[in-house]
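Overview (structure and organization)
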Amino acid sequence: MTQKELLYMEDAIGHETNLVDICQYTIDSLQDKSLKTFMKGQLKKHESLKQKLMKVLEESTNEW
């Protein structure tokens, strides 16, 4: 992985981390059950994406 690609991956992981935090904060703030359910789905989606990005990053660093 090139330095530019590595920086992109780190940036993408940072964005997903922020989205996970925002989703969790929103879930904690909501009263409406249907909105909470929707946001919990979004939270799982972004946690999954973050994990996938981290796995790609780990695999690429193991190649070095």
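As a reminder, the structure under discussion sits directly above these lines.
Overview of the structure. (Residues numbered from 1 in each chain as written. Predicted model: local features only at pLDDT ≥ 70, side-chain atom pairs only at ≥ 80, totals over all residues. Heavy atoms only, no water.)

1. Focus: the nonpolar core
Listed in full, the six residues of the largest apolar core are Leu6, Met9, Ala12, Ile13, Leu53 and Leu57. The set of elements that each furnish at least two residues to this core consists of α1 (3-29) and α2 (33-62). Examining the composition of this core, we find that four residues originate from one element, α1, more than from any other. Core analysis: the second largest hydrophobic core is formed by five residues, Val20, Cys23, Met39 and Leu43 among them. (Core = buried A, V, L, I, M, F, W, Y, C linked by side-chain atoms within 4.5 Å. Buried < 20%, exposed > 50% of the residue type's maximum accessible area, 1.4 Å probe, protein only. Helix = DSSP H or I, 4+ residues; strand = E, 2+ residues; numbered from the N terminus.)

2. Some remarks on the packing of α1 against α2
Direction vectors running N to C along α1 and α2 enclose 160 degrees, while the axes themselves pass 9 Å from each other. The pairing of α1 with α2 is recorded here as roughly antiparallel in orientation. Our pair here, α1 against α2, has a crossing hand that is left-handed. Residue composition of the contact of α1 with α2, grouped by class: 15 nonpolar, five polar and five charged. (Axes fitted to C-alpha atoms, helices over the stretch in contact; angles between N-to-C directions. Parallel < 35°, antiparallel > 145°, perpendicular 65-115°, else oblique. Left-handed = near helix turned anticlockwise from the far one by under 90°. Nonpolar A, V, L, I, M, F, W, Y, C, P; charged D, E, K, R; others polar.)

3. A short note on the environment of Lys40
Tracing the sequence through the fold places Lys40 in helix α2. By relative accessible area, which is 45% here, Lys40 ends up partly exposed.

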